[in-house]
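Residues per chain are reported as follows:
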Amino acid sequence: MGYAQVALERGIDLTATGLTYAVPQSLHDLEPGQRVRVPLGRRDKPAFGYVIERNDSTVLEHVKPIIARDEHAISFTPDLLQLARWISAYYCCPLGMTLANMLPAAVKRGTGTVHHLMVRLPPTGTPTPSGGGTSTNSPSNNKKNQPKLTPLQREAMRVLQERTGTDSPWIEVRELANEAGARTLNPVKRLIDLGLVEAKRAAVVRAAVDEALAQSELKPVEYELTAPQRRAFDRIADSIAQGFCVHLLHGVTGSGKTEVYLRLIERVLEESGQVATSAPPHSATSALVLVPEIALTPQMVRSFVERFGPSLIAVLHSGLTPAQRHEQWRRIREGEARIVIGARSAVFAPFAPEQLPGVVIVDEEHDSSYKQDQLPRYHARDVAIKRAQLLNIPVVLGSATPSLESYHNATVRRTYHLLELPDRVAGLQLPTVQLVNMLDQRKRRYQMTGKAGVHLLSIELEHQLRQTLEAGGQAMLLLNRRGYANYIACPDHACGYMKQCDQCDATMVYHKDARLPAGGFIRCHHCLAEQLLPATCPDCGKRITVFGLGTQRVEEELQGKLPGVKLARMDSDTMRTGRDYHETLERFRKGDLQLLVGTQMIAKGLDFPNVQLVGVISGDTALHMPDFRAAERTFQLIAQVAGRSGRSSKGGRVIVQTFSPDDPAIVLAARHDYVGFATRELQVRESVGLPPTTRMARIVIRDKDLPTCIAKARELVTHLSETNQRLDLNVRLRGPSACPIARIANFHRQQIELIGPPPANEAAARIQKLLTALRNARLLISDAHTAVDVDPVALL
């Protein structure tokens with residue numbers, strides 16, 4: 001019979017082990033990685049979990065048996081099971097919850113699954129299911145033993161004969177009847193009754209075709225690599241056969257990083273015998289490409305489809321329906337798709353064991369959306385590196401503005417190979433960047449027009465915008481703040497009232513909506529609570545006022561100053577689905593739109609040759625946040641959005657409006673000087689003992705009662721301090737203290753920071769040892785009240 005360790009899809013944190021269950025004889029072939037249904041608790045309530053280990057014996061006396069396998073025959077491959085163990089240990093998440101998160105909900109539910117009757121010619125000499133002796137292909141059969149067939153049945157047999165020996169000998173009965181010219185299924189059913197064909201019931205996932213893969217036309221490669229591209233490609237390609245290594249591809253915007261990715265995938269497929277125009281051999285290797293969600297545009301997918309064809313590619317993104325997501329997962333698992341392109345969760349793509357990736361590519365590796373903010377709080381870039389290490393293959397991290405962690409690994413620790421693309425392709429130049437000091441704009445505008453007032457567009461940006469649009473060019477304006485105004489307050493300074501969320505320690509944001517009596521509503525961007533805009537101050541009765549800025553207000557000002565301009569606003573309020581986003585970009589590509597106004601979703605992955613002007617409405621949005629990465633994020637955002645301009649021989653211009661024109665992050669971004677910024681910022685981080693020279697973990701305690709929250713945080717700090725001293729780990733503890741946003745959704749929040757001393761690799765090990773010791777002692781449990789975030793990217 002045997003036993004199995006099962007990790008349940010629950011918050012039961014047993015670190016590397018699971019609960020022990022007996023394996024009934026009917027499940028004797030149960031393997032690690034398979035999803036099963038087991039009894040849990042005194043009432044034996046059915047629960048799902050994953051087999052993580054098989055054993056012949058156990059020391060336990062009373063062991064409950066496993067109820068059944070998952071009805072959809074779901075299983076994890078050995079490499080993914082090993083990866084899940086690492087994620088569970090490193091990011092402090094129960095193993096069962098880690099595995100559950102790695103599997104799409106649509107796959108667990110079997111969304112889109114239909115059962116079809118499939119047929120094929122039996123293998124030579126094999127008895128048929130109906131007991132009709134041997135196959136018609138058997139030499140022992142002679143003509144007098146063969147039943148007389150109708151013309152339609154003979155045609156069906158001919159179709160099956162043609163499929164024999166191919167990669168897909170099975171065919172659905174309705175499809176076979178159609179190919180044979182039969183109007184009904186009767187001729188095929190008669191072949192089954194006669195025992196001339198083999199039949200089986202098969203589960204098939206049906207879903208609408210993803211529009212991103214609808215393009216099927218292959219285009220020949222007519223592009224010669226530049227000298228830097230060739231050097232980068234050769235260096236990475238040479239490492240494919242050498243095993244695991246990490247390459248950091250630092251290339252300015254428009255330098256051709258995507259072309260390097262495409263050539264690398266071509267090399268992987270060529271070495272495995274795969275070419276884009278033929279049926280894939282069973283032994284072919286694959287490739288995994290991670291892209292931030294907002295950069296996963298039809299434009300990017302199209303570049304892969306035109307090179308390799310849609311049949312080899314699976315795309316995983318949030319715009320897929322559940323059935324489409326299930327279908328793409330199945331195509332990867334069954335080896336139909338060899339190139340997987342997707343956002344964060346695509347790092348768990350279930351490649352078949354015999355067709356594992358030959359290279360992993362992480363584009364825009366610096367992007368913070370690779371970090372998940374719920375259990376397990378993993379970073380997809382780091383998980384991709386670990387998966388590549390487990391598979392012993394190279395990984396490529398690409399970015400125009402690499403994260404300081406990656407750049408530090410490449411230039412200081414020398415654990416990554418730094419490859420650089422310093423110039424744009426085709427001799428194109430980086431755009432000219434102009435900084436506009438917004439402190440003197442009001443005075444200058446009054447001197448020019450004799451009118452005061454608040455304008456979000458500076459004189460320079462307004463002038464350049466008119467010139468660009470009149471000349472037939474296109475423009476993009478970035479403001480990384482949605483809504484109309486981010487402050488709702490009493491105009492009387494003596495009163496001082498400012499509207500805050502009732503459930504959070506944060507101000508609410510005004511969103512205009514002409515359909516509402518009050519002209520709009522206010523929303524908390526943390527707990528999403530909404531209410532109508534109050535007409536008067538609740539303290540003094542004066543009429544309430546709104547001020548600040550947001551993408552809605554920029555749109556309104558543009559419509560007033562540039563009547564008739566064809567523009568679209570792109571933020572999470574207008575782009576409700578992936579289809580909205582893709583359709584808007586397609587209209588902009590065709591020239592139906594002249595101007596895009598948006599948040600950071602327009603800052604990455606877009607390549608429109610006619611964009612000649614990019615404006616940054618406020619370069620200070622993230623600069624003064626209470627987060628040590630504020631300067632890094634500011635530099636990255638300005639540099640990335642600036643890179644959308646000047647991607648043709650017409651050239652480009654960028655205008656950055658700021659109240660801090662002398663800040664190093666903004667000045668160096670305007671100069672396109674990443675190396676200068678990184679060198680300076682790394683020195684600052686090292687001087688104060690912050691990552692990447694050290695490593696950090698953050699624990700947030702949440703409770704609706706403030707004294708209870710503080711008491712729990714202090715108790716946890718006591719355990720951390722005692723264990724830290726006992727194990728002589730020298731981990732620096734900070735806190736507990738209130739989080740920068742001290743209350744969200746009525747939960748008070750206290751934070752504890754753990755900082756491991758340099759060098760960074762030893763710091764990570766020390767933090768892991770400390771967290772593991774508390775988990776094993778059941779003193780630290782990741783749940784709804786305690787969030788453990790290893791290598792945090794946001795500290796609010």
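Residues numbered from 1 in each chain as written. Predicted model: local features only at pLDDT ≥ 70, side-chain atom pairs only at ≥ 80, totals over all residues. Heavy atoms only, no water.

Another point: the overall build of the protein chain. Looking only at helices and strands, the protein chain features 21 helices and 30 strands. Its C-alpha atoms give the protein chain a radius of gyration of 30 Å, within 12% of the compact-globule value 28 Å for 796 residues. If you line up the protein chain on its principal axes, its C-alpha atoms span 105 × 70 × 60 Å. Accessible area for the protein chain stands at about 35,400 Å²; split by element, carbon and sulfur atoms hold 49% of it. Between the mean site of the 97 positive side-chain charges and the mean site of the 83 negative ones, the protein chain shows a separation of 3 Å. (Helix = DSSP H or I, 4+ residues; strand = E, 2+ residues; numbered from the N terminus. Rg over C-alpha atoms; globule rule 2.2 N^0.38 Å. Areas by Shrake-Rupley, 256 points an atom, 1.4 Å probe, with all protein chains shown as cover. Lys, Arg positive; Asp, Glu negative; His and termini not counted. Charge placed at Lys NZ, Arg CZ, Asp CG, Glu CD.)

The next thing to look at is the side chain of Arg 482. Along the chain, the position of Arg 482 falls in the loop between strand S17 (474–478) and strand S18 (487–489). Since its relative accessible area comes to 19%, Arg 482 is described here as buried. Among all residues touching Arg 482, those that are not within four sequence positions of it are Val 509, His 511, Arg 523, His 525, Gly 550, Thr 551, Asp 571, Ser 572, Asp 573 and Thr 599. (Buried < 20%, exposed > 50% of the residue type's maximum accessible area, 1.4 Å probe, protein only. Contact = heavy atoms within 4.5 Å.)

Take the sheet that holds strand S4 (residues 45–55) next. One open sheet holds the 5 strands; their spatial order is S2-S1-S4-S3-S5, and the pairing between them is antiparallel. Each end of this open sheet is capped by a strand with a single partner; those strands are strand S2 (19–22) and strand S5 (68–69). Relative to S4, strand S1 (residues 3–8) is paired through 6 bridges, and the arrangement is antiparallel. From the neighbouring strand, Ala 7 faces S4, where its bridge partner is Tyr 50. Across the sheet, helix H2 (residues 95–102) touches S1 and S4, and the angle it forms with S4 is around 100°. (Pairing = 2+ DSSP bridges. Axes fitted to C-alpha atoms, helices over the stretch in contact; angles between N-to-C directions.)

It is worth spelling out the packing of helix H1 (residues 78–90) against helix H11 (residues 380–391) at this point. Relative to each other, H1 and H11 sit at 135°, their axes nearing to 10 Å. The orientation of H1 relative to H11 falls into the category oblique. H11 is crossed by H1, and the crossing has right-handed handedness. When H1 is examined against H11, the residues Asp 79, Leu 80, Gln 82, Leu 83, Trp 86 and Ile 87 are found in contact with a partner set consisting of Asp 382, Val 383, Lys 386, Arg 387, Leu 390 and Leu 391. Here the residues of the contact of H1 with H11 sort into 7 nonpolar, 1 polar and 4 charged. (Parallel < 35°, antiparallel > 145°, perpendicular 65-115°, else oblique. Left-handed = near helix turned anticlockwise from the far one by under 90°. Nonpolar A, V, L, I, M, F, W, Y, C, P; charged D, E, K, R; others polar.)

Quick look at the packing of helix H4 (residues 151–163) against helix H5 (residues 173–180) now. Axis separation between H4 and H5 bottoms out at 9 Å; the angle between their running directions is 115°. The orientation of H4 relative to H5 falls into the category roughly perpendicular. Crossing handedness for the pair H4 and H5: right-handed. Residues Leu 152, Glu 155, Ala 156, Val 159, Leu 160 and Arg 163 of H4 lie in contact with H5, whose contacting residues are Glu 175, Leu 176, Glu 179 and Ala 180. Residues belonging to the contact of H4 with H5 are distributed by class as follows: 6 nonpolar, no polar and 4 charged.

On to the packing of aromatic side chains. Taken as a whole, this structure holds 11 aromatic pairs when the rule is applied. Relative to Tyr 378, the ring of Phe 348 has its centre 5.2 Å away and its plane inclined at 65°; by these criteria the two rings are edge-to-face. With Phe 348 in the loop between strand S12 (339–342) and strand S13 (357–363) and Tyr 378 in the loop between S13 and H11, this residue pair connects regions lying 30 residues apart in the sequence. You'll find Phe 348 and Tyr 378 in the same group, each marked buried. Members of the aromatic cluster, connected to one another through ring pairs, are Tyr 407, Phe 635, Tyr 674 and Phe 677. Sitting above the plane of the Trp 170 ring, Lys 200 keeps its charged end 4.3 Å from the centroid. In this structure, Arg 702 packs its charged tip against the face of Phe 747, placed 4.3 Å from the ring centre. (Phe/Tyr/Trp six-rings, centres within 6.5 Å; stacked < 30°, edge-to-face > 60°. Lys NZ or Arg CZ within 6 Å of the ring centre and 35° of its normal.)

What follows deals with the pairing of strand S25 (residues 611–616). Counted residue by residue, S25 has 6 buried out of 6 residues, so it is predominantly covered. Bridge analysis of S17 against S25 gives 5 bridges, and the strand direction is parallel. Paired with Ala 475 across the strands is Leu 613, a residue of S25. The pairing of S25 with strand S26 (residues 653–658) spans 4 bridges and is classified as parallel. Its bridge partner lying in S26, Gly 615 is registered against Ile 655. Read as a crossover between parallel neighbours, the route from S25 over helix H17 (residues 630–642) to S26 is right-handed. (Right-handed = clockwise from strand over helix to strand, strands pointing away.)

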